[in-house]
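Topology and contacts: notes
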Amino acid sequence: MPRGEHLRRIPRAERARRLGQTPLSPGEASETLQVRGPEGVVQALKALPPAERGKVAGLGLVARDYWDDPEKMKRELAEIAELLYRLEDLPRPVRWLLARLGVRLPPILEEGA
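Computed from a prediction, not measured in an experiment: that's the story for all the values here.

1. Focus on the overall build of the protein
A tally of helices and strands in the protein yields 5 helices and 0 strands. When the helices and strands of the protein are read in sequence order from the N terminus, they spell out α-α-α-α-α. Counting over 113 residues, the protein shows a buried share of 4%. Counted over contacts in the protein with a minimum sequence separation of 6, partners at least 24 positions apart contribute 6%. Element-wise, carbon and sulfur atoms account for 58% of the exposed surface of the protein, whose accessible area totals about 10,600 Å².

2. Description of the confidence of the model for the protein
The predicted coordinates ought not to be read in detail in places where the model reports low pLDDT. Model confidence for the protein is summarised by a mean pLDDT of 77, while 88% of its residues fall at 70 or above. Averaged pLDDT values for the elements of the protein fall to 74 in helix α4 (residues 70–88) and rise to 88 in helix α2 (residues 39–47).

3. Notes on the environment of E76
Structurally, E76 can be placed in helix α4. Taking relative accessible area as the criterion, E76 reaches 28% and is therefore assigned partly exposed. With 10 residues separating them along the chain, E76 and Y66 place their C-alpha atoms 8.8 Å apart.

Thresholds, definitions, all that
Residues numbered from 1 in each chain as written. Predicted model: local features only at pLDDT ≥ 70, side-chain atom pairs only at ≥ 80, totals over all residues. Heavy atoms only, no water. Helix = DSSP H or I, 4+ residues; strand = E, 2+ residues; numbered from the N terminus. Buried < 20%, exposed > 50% of the residue type's maximum accessible area, 1.4 Å probe, protein only. Contact = heavy atoms within 4.5 Å. Areas by Shrake-Rupley, 256 points an atom, 1.4 Å probe, with all protein chains shown as cover. pLDDT = per-residue confidence, 0-100.

Rendered as C-alpha cells:
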C-alpha cells in the first residue's frame, strides 16, 4: 500500500476532528505564511488561534487600504470613537446580556477597564 493511502478512506472532516482541528468552511483557505515584524507583534499573532489570526489579517488589510486616504481613515476612526462613546453608556445588565450572547466588547469597554 503506497504511503498515505490508508488516510484517503477517512473523510476530511473526520481527520480534522481527530487532530483537534475544525474543517475549513466553504470559501475558507489555509496557508502557511511567514510574518516579519516586531517580536511582540509576531508573538501576539502566534498566540492567537488560526481563525482569529485570519480576522486580524483581514482587519490589517482594511486598515492598509484606508492608510492611503488619510481623510477617509479619520472619518472611519471618528465613527468608531462615536460608537465607543455611545457604548460606554450601556447599562450593566445590557453588558451582561451581550457577554452571555458572545458579543465581545472592545477591551476599553470591558468591566473593570
